[in-house]
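# Chain and residue survey
Chain residues, written in single-letter form:
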Amino acid sequence: MSLDIFLQAIVSGLANAAMYALIAVGLTLVFGVMRIINFAHGEFLMIAMYAGYFAWSLLGIDPIVAIVLVTPVLMILGTLLYSGVMRFALRVPEINQMAVTLGLSMLFQHLALVAFTGDNMLVTQARAVAGVELGPVVVQVNQLIACGISMALLATLYLVLQRTDFGLIMRAVAQSRDGAALSGIDVTGVYKWAMAVGIGTLGVAGPLLVSILYVNPHVGALFTLKAFVIVILGGLGNFTGALLGALIVGLAESIAGAWFSASVAAAVPFVILILILLTRPEGLMNRSRRA
Amino acid sequence: MLAQLAVALAAAFFASAHAAEPLKIGVLAPITGATAADGARLVKAHQLAVKEINAGGGIAGLEGAKVELLIADTQSKPEVGRHAAERLIARDEVSALLGAWASAVTMPSMQVAERYRTPFIVTSAVTDSITERNLQFVFRVSPKGSWAARDVGSFINYLRGKGVAIDKVALAYEDGPFGQAVSKGYKKGLPAQGIHIVGEETFRTGSPDMSTQAAKLKATGADLLLIVCYVDDEVVLLRALAAQRYKPRVLGYGGGHVHPTLLQLGPMVEGAFGIVEWMPDLKKAATEHFAEAYQAAYGEMPLSNAAQAYAATWAIALAADAGRSRDPIKLRDSLRALRLDSGPASLLPNDALAFDAAGQNNVGNVISQVIGGRFVTIWPEAVAGQSLRLAH
């Protein structure tokens, strides 16, 4: 493999990692605060992608601009998900919670199939086929845009979680639900916000992704498994862990893809996952957890 | 006397009820799951054939019996397909089975049919071994996957004959059973026809990014790129190639390459070739009829797999008619003897629909090209709807 190809793999891997991170942080945020694994995460991404597609095809809105419209919609869907489903799921055993979100995921896929058929829909703008040359490396314009917006959003989220009272409250609830409640924090309100932000991040990711890829009812599933690997790698519920996990998965996948056949390359993130879980079962960024 | 009349009436009633008992045909299709859109199209084609058969008075050889389709969802999953095949045969007592889209689902399902001694016509799966296992009840209307290499080789040499310089050919395929099987055929078949393969790249279905693969393909300097994948991956790959400002001629494989999704890409796919098993503009009377009827019924153009599903449905009905029996074993025997060189089942691009000793229909592929934002058949010239466009 020549150096040029290797550099191409690194740059593409980084661009993908930024998108993966954006998808994974929402998942990890919801888990961190509520201790619920949302298997329907990918389907909310799919909804956001359809929203981005229809904003472009029906209203002529550029997907980048559509983010401003789609994000509030996804945030509202997040709070509805909390008050309609998750609120009740909090009281039942974990296995039932999984069944609920898994069922939701299938429900959304089938509803999308009925509503939009199984066909792929594409956002076809001139820039979808344009590339930017960075020395020997070519990055697609849309990937570059997506990468930039993801990183900006991730940085903002990080600052909000670390530096504001809102972030402090969220982290407090994540650390100890009862402790936070005793300190007078409105735990239900925090849950609702965690869902709003966790699902809302997909409102940014969806329009960006649909301009790079395509959308069909099953597109969310392509990312759900990856998001889980990333989140578990970094440590469930850990924000910086998700970033690190995304970086590892994005780069590993891309570099392995340049070296090996695609099937071998696809297994590499899982091999890394197993190796890391063997040495650090709590994930890379989680300190050993209290019972 | 009244009693006698009642008996006679009852006898007449039961006789007619018996005569009207339909010929049951089971269809295995992915109604839900990853390939649901394809399943929906297959079912439409099966239903169109049945509608035509029944509207024409049913099956004459079975006293005008109507055809009844029993459609089962495989969910695109092998184990679900196998169970559905078992249920259709054992419980619903179908006379024959049709299906089951992907090879991975078809193979376990047809094993069930073989065990229960019920004919199974494979409509679209291309894995070679399906008709190489000496199975007695398995037939296939679609060509073997490896035949694509033979036809692509002939087409490349046809292009060379037209003065097109094609020296280096590269392969890009999805690294699953489908892509591996077809590209193995290319790697084996093309060098024998004097075509040099200079590089190959693989990717997983559903990859969100193929920049690295595109860069490596560009580095091979190939002037023709053979692509084997599903249409969603092809969109990602073609965009990545365009971003690299690398514009080889491309020839995609299968129905995925003659797919409406692709036309959404506009000028980027203009001139692209596709090797496909059937096209709605083939110059054959049966094709013309089918394309019109399908368009009238569903408001869209049929894809190649729809034509195969339609031909297979007609083949069963015509075999039942010729053999005057709905018994699965007799039906198998009449399928073997079938030779349809005219009529609705003759819409595929060979002289006649017929099954050889292994159950295989000897049918070639055709080459399509995107001309003016439409898919047009350009080769072989005998069935071509329009002539090749070489401006690049």
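Residues numbered from 1 in each chain as written. Chains lettered and ligands numbered in written order. Predicted model: local features only at pLDDT ≥ 70, side-chain atom pairs only at ≥ 80, totals over all residues. Heavy atoms only, no water.

### Section: the overall build of chain A
For chain A, the helix and strand inventory stands at 11 helices and two strands. The helix and strand sequence of chain A, counted from the amino end, reads α-α-α-α-β-β-α-α-α-α-α-α-α. Radius of gyration (C-alpha) of chain A: 19 Å, near the 19 Å computed for a compact globule of 291 residues. The dimensions of chain A, computed from C-alpha atoms along their principal axes, are 60 × 50 × 35 Å. Within chain A, the fraction of its 291 residues that count as buried is 51%. In the structure as shown, chain A presents an accessible area of about 12300 Å², 71% of it carried by carbon and sulfur atoms. With 13 positive and 11 negative side-chain charges, chain A shows a separation of 12 Å between the mean positions of the two kinds. (Helix = DSSP H or I, 4+ residues; strand = E, 2+ residues; numbered from the N terminus. Rg over C-alpha atoms; globule rule 2.2 N^0.38 Å. Buried < 20%, exposed > 50% of the residue type's maximum accessible area, 1.4 Å probe, protein only. Areas by Shrake-Rupley, 256 points an atom, 1.4 Å probe, with all protein chains shown as cover. Lys, Arg positive; Asp, Glu negative; His and termini not counted. Charge placed at Lys NZ, Arg CZ, Asp CG, Glu CD.)

### Digging into empty space enclosed by the protein
In the structure shown here, the tally under the stated rule is two cavities of 30 Å³ or more. Within this model, the largest cavity holds a volume of roughly 90 Å³. Taken together, Ala15, Asn16, Met19, Tyr20, Gln143, Ala146, Leu209, Ile212, Leu213 and Phe223 of chain A together with Pro208 and Asp209 of chain B make up the full set of residues lining the largest cavity. At the level of elements, helix H1 (3-34), helix H5 (141-163) and helix H8 (187-212) of chain A are the ones that each hand at least two residues to the lining of the largest cavity. Here the lining of the largest cavity takes four residues from H1 of chain A, the largest share from any one element. (1 Å grid on protein atoms, 1.4 Å probe; cavity = no way out; pocket = protein on both sides within 12 Å on 5 of 7 lines; lining within 4 Å. Points joined across faces, edges and corners; volume = space filled by probe spheres on them.)

### So, the domain arrangement of chain B
A common way to state how big an interface is: give the accessible area lost once the parts meet. All names here are of chain B. When cut into domains, chain B gives domain 1 (2-143 + 283-354) and domain 2 (147-276 + 366-379). When each unit is reduced to the centre of its C-alpha atoms, the spacing between domain 1 and domain 2 is 33 Å. Contacts between the two partners involve six residues from domain 1, matched on the other side by eight residues from domain 2. At the surface where domain 1 touches domain 2, the tally comes to zero salt bridges. Counting the contacts that link domain 1 with domain 2 gives zero residue pairs in polar contact (both at pLDDT 80 or more). Tallied by class, residues from the side of domain 1 that touches domain 2 come to four nonpolar, one polar and one charged. (Domains from an automatic or database assignment. Contact = heavy atoms within 4.5 Å. Salt bridge = Lys/Arg side-chain N within 4 Å of Asp/Glu carboxyl O. Polar contact = N/O pair within 3.5 Å; in protein donor to acceptor, adjacent residues only side chain to side chain. Nonpolar A, V, L, I, M, F, W, Y, C, P; charged D, E, K, R; others polar.)

### Here's the deal with the environment of Val30 of chain A
Residue and element names in this part refer to chain A. Of note, Val30 is situated in helix H1. Judged by its relative accessible area of 2%, Val30 falls in the buried class. Taking the C-alpha atoms as reference points, Val30 and Trp193, separated by 163 residues in sequence, lie 9.5 Å from one another. Contacts of Val30, omitting those with residues within four sequence positions, involve Arg35, Ile36, Ala194, Met195 and Gly198.

### Looking at the packing of aromatic side chains
Residue and element names in this part refer to chain B. A complete count under the given rule lists 22 aromatic pairs over all chains for this structure. Ring centres of Phe155 and Phe273 lie 5.1 Å apart, and the angle between their planes is 75°; this geometry places the pair in the edge-to-face category. A residue pair is termed long-range when its members are at least 10 positions apart, and Phe155 in helix H5 (residues 147-161) and Phe273 in strand E10 (residues 273-276) qualify at 118 residues. The class of Phe155 is buried, set by a relative accessible area of 0%. (Phe/Tyr/Trp six-rings, centres within 6.5 Å; stacked < 30°, edge-to-face > 60°.)

### Side note on the interface of chain A and chain B
Listed as interface residues are 38 residues of chain A and, on the opposing side, 36 residues of chain B. Buried surface at the junction of chain A and chain B, both sides included, amounts to about 2900 Å², of which 53% is carbon and sulfur. Contact with chain B buries surface across chain A, with Asn120, Leu122 and Val129 of chain A losing the most and accounting together for 17% of the total. Where chain A touches chain B, the interface holds two salt bridges. At the boundary of chain A with chain B, the tally comes to 18 residue pairs in polar contact (both at pLDDT 80 or more). (Buried area = accessible area lost by both parts, 1.4 Å probe.)

### A short note on helix H11 (residues 304-323) of chain B
The first and last C-alpha atoms of H11 of chain B sit 28 Å apart over 20 residues, in line with the 28 Å expected at 1.5 Å per residue. Of all 20 residues in H11 of chain B, 16 are buried, a share of seventy percent or more. (Expected span 1.5 Å × (residues − 1).)

### Remarks on helix H12 (residues 328-337) of chain B
Considered for burial, the residues of H12 of chain B that qualify are Leu331, Arg332, Ser334 and Leu335 of chain B. The inward-facing, buried residues of H12 of chain B contact strand E3 (96-99), strand E4 (120-122), strand E5 (138-140) and H11 of chain B.

### Looking at the nonpolar core
One finds Met34 of chain A together with Ile121, Phe290, Leu347 and Leu348 of chain B to be the most contacted residues of the largest nonpolar core, which totals 156 residues. Residue contributions to this core peak at 14 residues, all from H8 of chain A. Residue assignment places this core across two domains, with domain 1 (2-143 + 283-354) and domain 2 (147-276 + 366-379) of chain B each supplying three or more. Beyond its immediate stretch of four places on either side in the chain, Phe290 of chain B contacts Leu48, Trp278, Pro302, Ala306, Ala307, Tyr310 and Leu347 of chain B. Judged by nonpolar contacts, the second largest core, of 31 residues, contains Val169, Leu171, Val182 and Ile371 of chain B. (Core = buried A, V, L, I, M, F, W, Y, C linked by side-chain atoms within 4.5 Å.)

### Things to note about the pairing of strand E7 (residues 197-203) of chain B
Residues and elements named next belong to chain B. Bridging between strand E6 (residues 169-174) and E7 involves six bridges; their strand directions are parallel. Among the inter-strand pairings, Val169 is bridged to a residue of E7, identified as Ile197. Taken together, E6, helix H6 (residues 177-189) and E7 constitute a β-α-β crossover, and its handedness is right-handed. (Pairing = 2+ DSSP bridges. Right-handed = clockwise from strand over helix to strand, strands pointing away.)

### A few points about the pattern of salt bridges
With the rule as written, the count across this model stands at 15 salt bridges over all chains. Here Glu86 of chain B makes a salt bridge to Arg115 of chain B, at a shortest N to O gap of 3.7 Å. Here Arg115 of chain B lies in helix H4 (residues 103-115) and Glu86 of chain B lies in helix H3 (residues 78-90), a separation of 29 residues in the sequence. Accessibility expressed as a relative area gives 25% for Glu86 of chain B, which makes it partly exposed. When its relative accessible area of 56% is taken as the criterion, Arg115 of chain B is described as exposed. Where Lys144 of chain B meets Glu132 of chain B, a salt bridge forms, and the shortest distance between an N and an O atom there is 2.9 Å. Within this pair, whereas Lys144 of chain B is found in the loop between E5 and H5, its partner Glu132 of chain B is found in the loop between E4 and E5, the two being separated by 12 residues in sequence. A cluster of three or more residues bridged by salt bridges with shared partners is formed by Asp119 of chain A together with Asp38 and Arg41 of chain B.

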